[in-house]
Amino acid sequence: MNPSESEFDVVVVGAGFSGMYLLHKLRQLGLSTRVIEAGDDVGGTWYWNRYPGARCDVPSMEYSFSFSPELQQEWRWTEVMAAQPEILDYANHIADRFTLRRDIEFATRVESAHYDESEQRWRIKTDTARTYTARFCVMATGCLSVPNTPTIEGAENFSGDVFHTGNWPAQGVDFSKRRVGIIGTGSSAIQAIPVIAEQAQHLTVLQRTPNYTMPAHNRPLSEEFRQQAIENYDEIREQQRQSMTGIVGYGFGFGGADNVEPTEAILETTAAQRAALVEQEGFVAIRRFADVALDTAANELACDMYRQQIKRVVKDPRTAEGLMPKGYPMGCKRPVIDTHYYEAFNRDNVDLVDLRRGGIETITATGVQTVQGHFEFDTLVYATGFDAMTGALQKIDIRGRKGEALRDHWEAGPRSYLGLQVTGFPNLFTVTGPGSPSVLSNMLVSIEQHVDWIADCLTHMRDRQLATIEPTLAAEEAWVGHVNEVAQGTMFTAPSCNSWYLGANIPGKPRIFMPYVGGVGEYRKKCDQVVANDYEGFVLSA
Ligand code: NA7
């Protein structure tokens, strides 16, 4: 064997939560496994996204693994929704506890993965000039792992420091005495803005599309509550697996007035009633209405309530007006929750530039030139998101049977069977890939389900001495059709909606709703059914 080649049963790309659990699980099956990771350590999303204010918006007791009873009994989350450092500690704890690092190749990026049909093996090459071969290749590359930096004329001329929220320096950034400009008002920016505002001399927020965001009401977890949840973990986990989003709340999610079940109809309310509700409850009043997610007229009434509340919170009327989302429905983009986002705009050192009044023309040495004028700062933060769901997979030169490139197979948008496998790419799996609930769910619940499914599949193949697995074209087409069908009529696919779920944030990316909106419970049932029907839709060959 070529000394620079290494043979394994399975090569896993990525050492985030997916790659870590895969490694643990495959080891238990006795499969030789190598994980290849671009970062210097484990953690994936939580390794790269260290921007100030980065936090999970799933309750921490639920954003955790269930596969090890000991792990879930011993780990102590300190807040209802954990901040990035604590989640990265959790990832490190898992790596230590299960001695994962010895099988992970860090600081190594996979450049290509080619299927050799004659040998029935994947050949995986890295930027460190190493080649691995493996019977199976699992892409655990994450859904939001390729940062998107828009091409803006003059960007290279900016003379100050430049950062991207999705690739933040591990040592942090000192914003004191700095005038900071931030581009974007998605989830990352909405978390970062209030924190940067407290540190920086001045903050200019360059906003192209205002977002809908709800208060997180985050707080420390009481020992009593933590204990109660730990004692009830079996039940909580089962409910998560059968739920829509993989989150059950268990009464410790949002709490208080914002924990209401949506049962009422906004279309049956009067303007005066809605105004009174905004007055009493603020943004969260909207949560009580079930029709907001289903009906565009109902949705517009909720948007109007939302705008009324912005007017109540933000003191300067022009800034308030600038922060008001208009022209697209609530629930189309990824839901955002925040801690004192709108309040940050009441600070003297924070200015909003509403780019709807005139967009960015160029980046200059000292700031940004817009149609409205020039805005100066010393530090530029891109909070401009990711090439979501397909970005990391398409960055790698993946080739299946007859040398077919995944990029070509997906030219008109991602196609897969169950978000697990792609026709023409035998023995290649994607964890939380497009066509599965993934980003519409609690990722840890979906990761566990996918890893367990893949591990069961490899066991099944070993027991029956099967060499390859691959979906039929008919199964792939039917699943893609189903994924599209269930997304139709939801706010996610409204004609006025432009979200990264649809690939709309990346110029030239096909407009396809990528995740599966049917819910993690239904999806799990489908995956289990496929197995019960002897891997229906897959071809397994000896
Ligand atoms: P998002 O949600 O994709 O947000 C990116 C933001 O950047 C959004 O406000 C964009 O405005 C803005 N953007 C992107 N390109 C430009 C240009 N060229 N000019 C001005 N503004 C721009 O990314 P996040 O990192 O906040 O969140 C990603 C996910 O990570 C999040 O949902 C969680 O799941 C975790 P636009 O709306 O496109 O007009």
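A. Molecular detail of the overall build of the chain. Helices and strands together make up the secondary structure of the chain, namely 16 helices and 20 strands. Relative to a compact globule of 542 residues, whose C-alpha radius of gyration would be 24 Å, the chain shows 24 Å and is just as compact. Along the longest, intermediate and shortest principal axes, the C-alpha atoms of the chain span 70 × 55 × 45 Å. Counting over 542 residues, the chain shows a buried share of 57%. Put simply, of all contacts in the chain between residues at least 6 apart along the chain, 72% involve residues at least 24 apart. Accessible surface for the chain amounts to roughly 22200 Å². Of this, 49% is attributable to carbon and sulfur atoms. Both charge centroids of the chain, one from 50 positive and one from 69 negative side chains, sit 2 Å from each other.

B. Quick look at empty space enclosed by the protein. Evaluated as defined, the whole model comprises 5 cavities of 30 Å³ or more. Its volume calculated, the largest cavity comes out at about 90 Å³. What lines the largest cavity is simply Pro414, Arg415, Ser416, Pro434, Gly435, Trp479, Val480, Val483, Asn484, Ile512, Phe513 and Met514. For the lining of the largest cavity, the residue count by class is 8 nonpolar, 3 polar and 1 charged.

C. Molecular detail of the nonpolar core. Counting residues in each nonpolar core, the largest one holds 132 residues, and the members touching the most others are Phe17 and Phe65. The element that contributes the greatest number of residues to this core is helix H14 (residues 443-463), accounting for 9 residues. Summarising the domain contributions, this core has at least three residues from each of domain 1 (5-146 + 387-541) and domain 2 (155-233 + 244-382). Setting aside residues no more than four positions away along its own chain, Phe17 makes contact with Trp46, Tyr63, Phe65, Ile87, Tyr90, Ala91, Ile94, Leu444 and Ile447.

D. Here's a closer look at the packing of aromatic side chains. Throughout the structure, instances matching the rule amount to 36 aromatic pairs. Seen from their ring centres, Trp46 and Tyr63 are 6.0 Å apart, and the 80 degrees between their planes marks the pair as edge-to-face. Separated by 17 residues along the polypeptide, Trp46 in helix H2 (residues 45-48) and Tyr63 in the loop between H2 and helix H3 (69-74) bring together distant segments of the chain. Side by side, Trp46 and Tyr63 carry an identical accessibility label, which is buried. An angle of 85 degrees between the planes, with centres 5.2 Å apart, marks the rings of Tyr341 and Phe345 as edge-to-face. Each of the two residues, Tyr341 as well as Phe345, counts as buried.

E. Fine view of the side chain of Thr370. Within the fold, Thr370 resides in strand S14 (residues 367-370). Reaching out from Thr370, the side chain makes a polar contact with the backbone nitrogen of Gln372 at a distance of 2.9 Å. Leave out the neighbours within four places in its chain, and Thr370 touches Leu206, Leu355, Gly358, Gly359, Ile360, Glu361 and Phe375.

F. The arrangement of the sheet that holds strand S8 (residues 179-183) in detail. Sheet architecture is open: 5 strands sit in the order S7-S16-S8-S9-S12, paired in parallel fashion. The sheet terminates laterally at strand S7 (161-164) and strand S12 (350-354), the two strands that pair on one side only. Each neighbouring strand pair of the sheet contributes to a mean axis angle of 20 degrees, computed without reference to strand direction. Two strands pair when backbone bridges link them, and S8 and strand S9 (residues 202-207) are joined in this way by 5 bridges, in the parallel orientation. From the neighbouring strand, Arg179 faces S9, where its bridge partner is His202.

G. The arrangement of the sheet that holds strand S13 (residues 360-364) in detail. Here we have 3 strands laid out as an open sheet, ordered S13-S14-S15, and antiparallel in their pairing. Each having just a single partner strand, S13 and strand S15 (373-376) make up the two edges of the open sheet. Averaged over all pairs of adjacent strands, the angle between strand axes in this sheet comes to 20 degrees, irrespective of strand direction. Summarising the sheet, S14 and S15 pair through 4 bridges and their orientation is antiparallel. Directly across from Gln369, in S15, lies its bridge partner His374.

H. Here's a closer look at the pairing of S8. When you tally the buried positions in S8, you get 4 out of 5 residues, the bulk of the element. Regarding the hand of the β-α-β motif, the stretch spanning S8, helix H5 (residues 187-199) and S9 is right-handed. Across 4 bridges, the pairing between S8 and strand S16 (residues 379-382) is parallel. If you follow Val180 over to S16, its bridge partner there is Thr379.

I. Representation of the site of the ligand within the structure. Close to the ligand lie 17 residues; Thr185, Ser187, Ser188, Arg208 and Thr209 are nearest. The contact in question runs from an oxygen atom of the ligand to an N or O atom on the backbone of Thr185, over 2.9 Å. At 2.9 Å from an oxygen atom of the ligand is found a main-chain nitrogen or oxygen belonging to Ser187. The protein chains hide 85% of the 780 Å² of surface that the ligand would expose on its own.

J. The confidence of the model for the chain, seen in detail. Across the chain, the average pLDDT comes to 96, with 97% of residues at or above 70. Confidence over residues 253-258 falls short of pLDDT 50; this stretch has 16 contacts with residues more than four positions distant or in other chains.

K. Broad picture of unusual backbone geometry. With a phi angle near 55 degrees, Lys402 is a residue other than glycine that sits in the positive phi range. Among the secondary structure elements, Lys402 is positioned in the loop between strand S17 (397-399) and helix H13 (406-409). Even without a glycine there, the phi angle at Thr432 is positive, about 50 degrees. Mapped onto the secondary structure, Thr432 falls in the loop between strand S18 (428-430) and H14.

L. The packing of helix H7 (residues 233-242) against helix H16 (residues 520-532), seen in detail. Taken N-terminus to C-terminus, the directions of H7 and H16 make an angle of 80 degrees; their axes are 5 Å apart at the nearest point. One element, H7, and the other, H16, form an angle in the roughly perpendicular class. Listed contacts from H16 to Gln240, Arg241 and Gln242 of H7 are Val520, Gly521 and Arg524. Residue classes in the contact of H7 with H16 are distributed as 1 nonpolar, 3 polar and 2 charged.

M. Inspection of the layout of surface pockets at higher detail. Here the second largest pocket defines a volume of roughly 320 Å³. Partitioned by chemical class, the residues of the lining of the second largest pocket number 10 nonpolar, 4 polar and 6 charged. A domain-level breakdown of the lining of the second largest pocket finds at least three residues from each of domain 1 (5-146 + 387-541) and domain 2 (155-233 + 244-382).

N. Geometry of the side chain of Ser6. Position of Ser6 relative to the elements: it lies in strand S1 (residues 5-13). For Ser6, the side chain forms a polar contact with the side chain of Arg130, separated by 2.8 Å.

Rules used throughout
- Residues numbered from 1 in each chain as written.
- Predicted model: local features only at pLDDT ≥ 70, side-chain atom pairs only at ≥ 80, totals over all residues.
- Heavy atoms only, no water.
- Helix = DSSP H or I, 4+ residues; strand = E, 2+ residues; numbered from the N terminus.
- Rg over C-alpha atoms; globule rule 2.2 N^0.38 Å.
- Buried < 20%, exposed > 50% of the residue type's maximum accessible area, 1.4 Å probe, protein only.
- Contact = heavy atoms within 4.5 Å.
- Areas by Shrake-Rupley, 256 points an atom, 1.4 Å probe, with all protein chains shown as cover.
- Lys, Arg positive; Asp, Glu negative; His and termini not counted.
- Charge placed at Lys NZ, Arg CZ, Asp CG, Glu CD.
- 1 Å grid on protein atoms, 1.4 Å probe; cavity = no way out; pocket = protein on both sides within 12 Å on 5 of 7 lines; lining within 4 Å.
- Points joined across faces, edges and corners; volume = space filled by probe spheres on them.
- Nonpolar A, V, L, I, M, F, W, Y, C, P; charged D, E, K, R; others polar.
- Core = buried A, V, L, I, M, F, W, Y, C linked by side-chain atoms within 4.5 Å.
- Domains from an automatic or database assignment.
- Phe/Tyr/Trp six-rings, centres within 6.5 Å; stacked < 30°, edge-to-face > 60°.
- Polar contact = N/O pair within 3.5 Å; in protein donor to acceptor, adjacent residues only side chain to side chain.
- Pairing = 2+ DSSP bridges.
- Axes fitted to C-alpha atoms, helices over the stretch in contact; angles between N-to-C directions.
- Right-handed = clockwise from strand over helix to strand, strands pointing away.
- Near = heavy atom within 4 Å.
- pLDDT = per-residue confidence, 0-100.
- Parallel < 35°, antiparallel > 145°, perpendicular 65-115°, else oblique.

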